[in-house]
Structures are given as structure tokens and as C-alpha cells.
Amino acid sequence: MEIKTAEFVISNTDVKKCPSGNIPEYAFIGRSNVGKSSLINMLTNRNKLAMTSSKPGKTLLINHFMINNEWYLVDLPGYGFAQIGKSGQQKLKQIIESYLLQRESLTNVFLLIDCRHEPQKIDIAFMEWLGENGVPFSIVFTKADKLSNRKLQENVAAYKEHLAESWEELPPIFISSAEKKTGREEILNYIEEINNELKVKS
Ligand code: GTP
Ligand code: MG
């Protein structure tokens, strides 16, 4: 898919204030600092569309971007960010969960996982929550440039094995590097395919 236009639309903390209309929507989620905003900039080929930071907890709002006047891309706050305290985390959790449960036009969630780490409880629990609530998702392993190809393949295989213990069918899996711009075509083509299917249905 070619990205012709990418525009910021609105930021807020309330799912009810998200843009109206029946436009397919793709959200990016994962632990704080996993690289959600960087991936969004890489996909859209815009350096500063989504705000990034080396410090966790940069994105604290639901951010809508309109792509090609055709679909929404959504940058969500990260979960598991200890420094904002228990009540802060609880508030973010509530924002994220009500968005994921109530947003009718939400088409797919990309769950980002840092490819360097072993399966983390918080991510596994989040996936289970998505499954229980019927929210369709895919996995994106981020920061692939930080590992050798061999180590990357090993980690991804180990992660898949871990998932296969509790999931009958694995979700689509992508590997990305915002630094090296890898995974861009695959993720954008996947979005395009879904958008085309939705057009046929409507
Ligand atoms: P929050 O908004 O705080 O939840 O973080 P986020 O998930 O949006 O992460 P962000 O995109 O702000 O990136 C966090 C840090 O990781 C930044 O210092 C990025 O430069 C770095 N980073 C993100 N993606 C990559 C990548 O693919 N490769 C490398 N080497 N660094 C990356
Ligand atoms: Mg962010």
C-alpha cells in the first residue's frame, strides 16, 4: 500500500469522543517504550507524526491519524509503565480497555512485543484478555535491528512455542524495525487486504 496522506485528527482519553463514521481502524498497543509510535512513523514514512521518546510513558492519549482518507491508525498509550504509580496505571488501563471494548470500527489491534525479551506475563495476560473479549489482534516483534538474525529467529520461535501452549491457532506475526524500516510492506499489505475485504462486504 502506498501512503499518500497521513494526518493527525484528534487525541483524547475518552472513547466516546473518538471520531465518528464507519471507517476501518487499526490500533497499535504494547508495553510502554516497545516502539509503537516509532513503528507508526515508520509505516507512514513521517518522522514526527506520532511523538516518540526514549523515556517510557510518552503516549498517554488515544491518538487518531487518518491515512489515505480511507482508514484510521491509532496510537495508544503503553501499558505496564511503573513510574506513573498505581492509580495512574489504573487510569490508563481503563482508557485502553474501554477503547478496545467499545470502539465498534476497530478492525485489528497490532500488539507489539520487544523481540529481545522472553515472553512477559503482562503481554501474555493482555493477549488472553483480547482473546476472551473477541478483539482481533496480530503480533509485531519490534526492534529487530537490535538482534542478530539468528537470535531473532530463535526468540520468535521460542515465543511461538510458548503461545502454542495456550492458543490453538496463532495470530498473524510480523517482525519490524523502525530503525531499518523492515516489516513495513508486510504490515501495510495486511492492512490493505483487510480493507479490501471490508469493501467487498459493504
Ligand atoms: P510509549 O508511548 O512511552 O508507550 O512508548 P512507545 O511504545 O510509543 O515507544 P517509542 O516509539 O516512543 O520508542 C521508544 C524508544 O525505542 C525510542 O528511544 C525509540 O527510538 C526506540 N525504538 C523504537 N523502535 C525502535 C527500533 O525498531 N529499533 C531501535 N533500535 N530502537 C527503536
Ligand atoms: Mg508512544
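The structure presented is a predicted model; accordingly, all values stated were derived computationally and were not measured.

S.K.: Requested: an account of the sheet that holds strand 1 (residues 6-12), with residues and values cited.
M.R.: Spatial strand order, 1-3-4-2-5-6-7: seven strands in an open sheet with mixed pairing. Looking along the sheet, the strands with just one partner apiece sit at the ends: strand 1 and strand 7 (173-175). The average angle at which neighbouring strand axes cross in this sheet is 25°, direction not considered. Against the sheet, helix 3 (residues 121-132) touches strand 2 (25-30), strand 5 (106-114) and strand 6 (137-142), its axis set at about 165° to strand 5.

S.K.: Quick rundown of the packing of helix 2 (residues 85-102) against helix 3? Include the residues and the values.
M.R.: Where helix 2 meets helix 3, the closest approach of the two axes is 11 Å, and the angle between their N-to-C directions is 30°. The angle between helix 2 and helix 3 falls in the class roughly parallel. Considering only the axes of helix 2 and helix 3, their crossing is right-handed. Contacts between helix 2 and helix 3 involve Glu97, Leu100 and Leu101 from the first element and Phe126, Trp129 and Leu130 from the second. Its residues assigned to classes, the contact of helix 2 with helix 3 shows five nonpolar, no polar and one charged.

S.K.: Can you explain the site of ligand 1? Please cite residues and give values.
M.R.: Around ligand 1 sit 21 residues in total, of which Lys36, Ser38, Gly57, Asp145 and Ala178 are the nearest. Note that an oxygen atom of ligand 1 is positioned 3.0 Å from one of the backbone N or O atoms of Asn33. Here Gly78 contributes a backbone N or O atom positioned 3.5 Å from an oxygen atom of ligand 1. Within the complex, the protein chains bury 87% of what would otherwise be the 650 Å² of accessible surface of ligand 1. Considered class by class, the residues forming the shell around ligand 1 number three nonpolar, twelve polar and six charged.

S.K.: Lay out the packing of helix 1 (residues 36-44) against helix 5 (residues 184-201) with the relevant residues and their values.
M.R.: For the pair helix 1 and helix 5, the least separation of the axes is 10 Å and the interaxial angle reads 80°. By the angle between their directions, the pair helix 1 and helix 5 is classed as roughly perpendicular. Counted together, Leu39, Met42, Leu43 and Thr44 of helix 1 and Arg184, Ile187 and Leu188 of helix 5 form the full contact between these two elements. For the contact of helix 1 with helix 5, the residue count by class is five nonpolar, one polar and one charged.

S.K.: For the packing of aromatic side chains, give the residues involved together with the corresponding values.
M.R.: In the structure shown here, the tally under the stated rule is eleven aromatic pairs. Look at Tyr26 and Trp71: their rings are 5.5 Å apart centre to centre, the planes differ by 85°, and that puts the pair in the edge-to-face class. Pair noted here: Tyr26 is in strand 2 and Trp71 is in strand 4 (residues 71-75), with a separation of 45 residues, a long-range link. Assessed through its relative accessible area of 0%, Trp71 is described here as buried. An aromatic cluster of at least three residues, connected via ring pairs, comprises Tyr26, Phe28, Trp71, Phe110, Phe174 and Tyr190.

S.K.: Break down the environment of Ala50 for me, citing the residues and quoting the values.
M.R.: With respect to the secondary-structure elements, Ala50 resides in the loop between helix 1 and strand 3 (62-67). Since its relative accessible area comes to 4%, Ala50 is described here as buried. Expressed as a C-alpha distance, the spacing of Ala50 and Gly21, which sit 29 residues apart in the sequence, is 22 Å. Residues within four places of Ala50 in sequence aside, it is in contact with Ser37, Ile40, Asn41, Phe65 and Asp75.

S.K.: So what's going on with helix 4 (residues 149-164)? Which residues, and what values?
M.R.: With 16 residues, helix 4 should reach 22 Å at 1.5 Å per residue; the first-to-last C-alpha distance of 22 Å fits that figure. Within the sequence span of helix 4, burial applies to Leu152, Asn155, Val156, Tyr159 and Leu163. Seen along its axis, helix 4 keeps its buried residues to an arc of 95°; they face one direction. Turned more than 90 degrees off the buried face of helix 4, the exposed positions are Arg150 and Glu161. Contacts from the buried residues of helix 4 go to strand 5, helix 3, strand 6 and strand 7.

Parameters at a glance
- Residues numbered from 1 in each chain as written.
- Chains lettered and ligands numbered in written order.
- Predicted model: local features only at pLDDT ≥ 70, side-chain atom pairs only at ≥ 80, totals over all residues.
- Heavy atoms only, no water.
- Pairing = 2+ DSSP bridges.
- Helix = DSSP H or I, 4+ residues; strand = E, 2+ residues; numbered from the N terminus.
- Axes fitted to C-alpha atoms, helices over the stretch in contact; angles between N-to-C directions.
- Contact = heavy atoms within 4.5 Å.
- Parallel < 35°, antiparallel > 145°, perpendicular 65-115°, else oblique.
- Left-handed = near helix turned anticlockwise from the far one by under 90°.
- Nonpolar A, V, L, I, M, F, W, Y, C, P; charged D, E, K, R; others polar.
- Near = heavy atom within 4 Å.
- Polar contact = N/O pair within 3.5 Å; in protein donor to acceptor, adjacent residues only side chain to side chain.
- Areas by Shrake-Rupley, 256 points an atom, 1.4 Å probe, with all protein chains shown as cover.
- Phe/Tyr/Trp six-rings, centres within 6.5 Å; stacked < 30°, edge-to-face > 60°.
- Buried < 20%, exposed > 50% of the residue type's maximum accessible area, 1.4 Å probe, protein only.
- Expected span 1.5 Å × (residues − 1).
- Arc of directions from axis to C-beta.

These figures come from the coordinates and say nothing about function on their own.
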